[in-house]
Every structure is written in structure tokens, then in C-alpha cells.
Amino acid sequence: HITQDKVETAVHTRLTRNRDITELWVFTRNRSGLFADLTKAISSCGASIVGARLHTGEEGQVFNVFYLQNSEKLAFGRQNQRALATLRTQAQKAALGDIGDMTIPKPLHSRRAVAIPVKQRVMFEQNESSDVTILEIEGRDRPGLLSDIASIFRDNDVEVLSAHIEVVGTRAIDAFYLFLPKGVNESTQNCALPKKTKKKLKEQINSLLSPKLSQAA
């Protein structure tokens, strides 16, 4: 456990055997780029993110739960305590912003999986809130996909308030609640995404999900 700005950072893993899932819990101080850093750290360990829940508090704290498996669709590190220890260490470093030495291994593609058609969709939902934008994404899942999506958010100064991640077979189904933080585009408070930011996100994520890029990644 590490304390930063009065918010303690804690990382924990738990094996859920009946679902063959490893849960990674991260409680820390919220900051710009945190989601991108955590997803990169997880992918750098060789874990596949098959689900996630992200909750942001009002006092600067965030609680993330990631559901992880290995390449064989079994709980990540189920018989490898060293892999779990490395995962916790990398997640701790990422929570503190230290991702300099982390790289994502290239995936091994299954011809059978690639042959299964997966509908691609990037859509912004109508939302009554004036300070949050809802983005829904569907596409072919692959190792590092969530990290790449999170990097697009970070590069466009977009923050994630909440996220719901699910993988069904070869299909990733993600929903993100997004906002522009105070100070971006001269805004005086957190606000929903303007049309030009939505357009950029849609173009970049559609390109990311394109079959050619997915197979080359």
C-alpha cells in the first residue's frame, strides 16, 4: 500500500474459480491517463482483459476491477504465483504513473477466430447529462485492444468517468462514460465532449478496429 495525496494506493488479486477469472482490484487517486496506464500494465503482463468496472468517487479516488484470463481462456496466473506477483507490481507502478519499461507482447492470431465475422460499431449515445458523454464500442477483441482505446482517449485529453467492459467470444462490447476535464478547450469545469472531439474519437477508434489493423497488431 502506498499513500499519495492522502489517497492510499492498494492493489489486490483474487481468483474466482467457478468463472475461471482472476480479478485485479486497484484503488488509487484518480489522475489524467490513469486508465490508459493500468490497461497497458495489465497487457504488458500477457493478461487478457475480458471485463472491467471502473468507479470514480467525488473526492479524487478511483476503484477499478479488471477481470483477466490467459490466452487459453483460463484465469490468468491460476497456477503461477510469480505471474500474479508481477501483475500486482506492474499495476502498482502504473497507478503511480511509472510505465516507462512496459511493452505489450504481440498476439498470436488464431485463423479460426479471425474467420468469425464480428460487427464493428462505434456510437455515441444520447445522454441528458451536460457534463458526460456515453460512447459504445463493439469490435473484434484482441490482446491490448482496451489499452489502445484508452491511449486514444488520453491523446485526445478525454477522461474516463466510468467504464463497463465485456468480452463475448471474439467480440468486445465496451461502454465508456467520458468527459473533457476542466482547463481543456478553455473550459472552466468538466464538460461533455464537443462534436469535433467525438468525430476524432470515432475516426481513430474505427481505424483501430479495422480488420487489417487488428490482424497486423
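Residues numbered from 1 in each chain as written. Predicted model: local features only at pLDDT ≥ 70, side-chain atom pairs only at ≥ 80, totals over all residues. Heavy atoms only, no water.

Evaluated as defined, the whole model comprises 4 aromatic pairs. Taking 6.4 Å as the distance between ring centres and 75° as the angle between the ring planes, the aromatic pair formed by Trp25 and Phe63 counts as edge-to-face. In this pair, Trp25 is assigned in strand β3 (residues 21-29) and Phe63 in strand β5 (residues 61-69), connecting sequence segments 38 residues apart. Judged by centre distance (5.0 Å) and plane angle (75°), the ring pair of Phe153 and Phe176 falls under edge-to-face. Separated by 23 residues along the polypeptide, Phe153 in helix α4 (residues 145-155) and Phe176 in strand β9 (residues 171-179) bring together distant segments of the chain. An aromatic cluster of at least three residues, connected via ring pairs, comprises Phe35, Phe66, Phe153 and Phe176. Above the ring of Tyr67, the side-chain terminus of Arg19 is found at 5.2 Å from the ring centroid. (Phe/Tyr/Trp six-rings, centres within 6.5 Å; stacked < 30°, edge-to-face > 60°. Helix = DSSP H or I, 4+ residues; strand = E, 2+ residues; numbered from the N terminus. Lys NZ or Arg CZ within 6 Å of the ring centre and 35° of its normal.)

One non-glycine residue, Asp20, adopts positive backbone phi at about 55°. Tracing the sequence through the fold places Asp20 in the loop between β2 (7-16) and β3. Backbone geometry places Asp157, a non-glycine residue, at a positive phi of 60°. Here Asp157 shows up in the loop between α4 and β8 (159-168).

Quick look at the nonpolar core now. Counting residues in each nonpolar core, the largest one holds 50 residues, and the members touching the most others are Leu24, Phe35, Phe66, Leu68, Phe153, Phe176 and Leu178. The residues touching Leu68, leaving out its near neighbours within four places in the chain, are Ile21, Thr22, Leu24, Ile42, Ala47, Ser48, Ile49, Val50, Ala75, Phe76 and Leu87. (Core = buried A, V, L, I, M, F, W, Y, C linked by side-chain atoms within 4.5 Å. Buried < 20%, exposed > 50% of the residue type's maximum accessible area, 1.4 Å probe, protein only. Contact = heavy atoms within 4.5 Å.)

Honestly, that's just the spatial picture; any functional story needs more than this.
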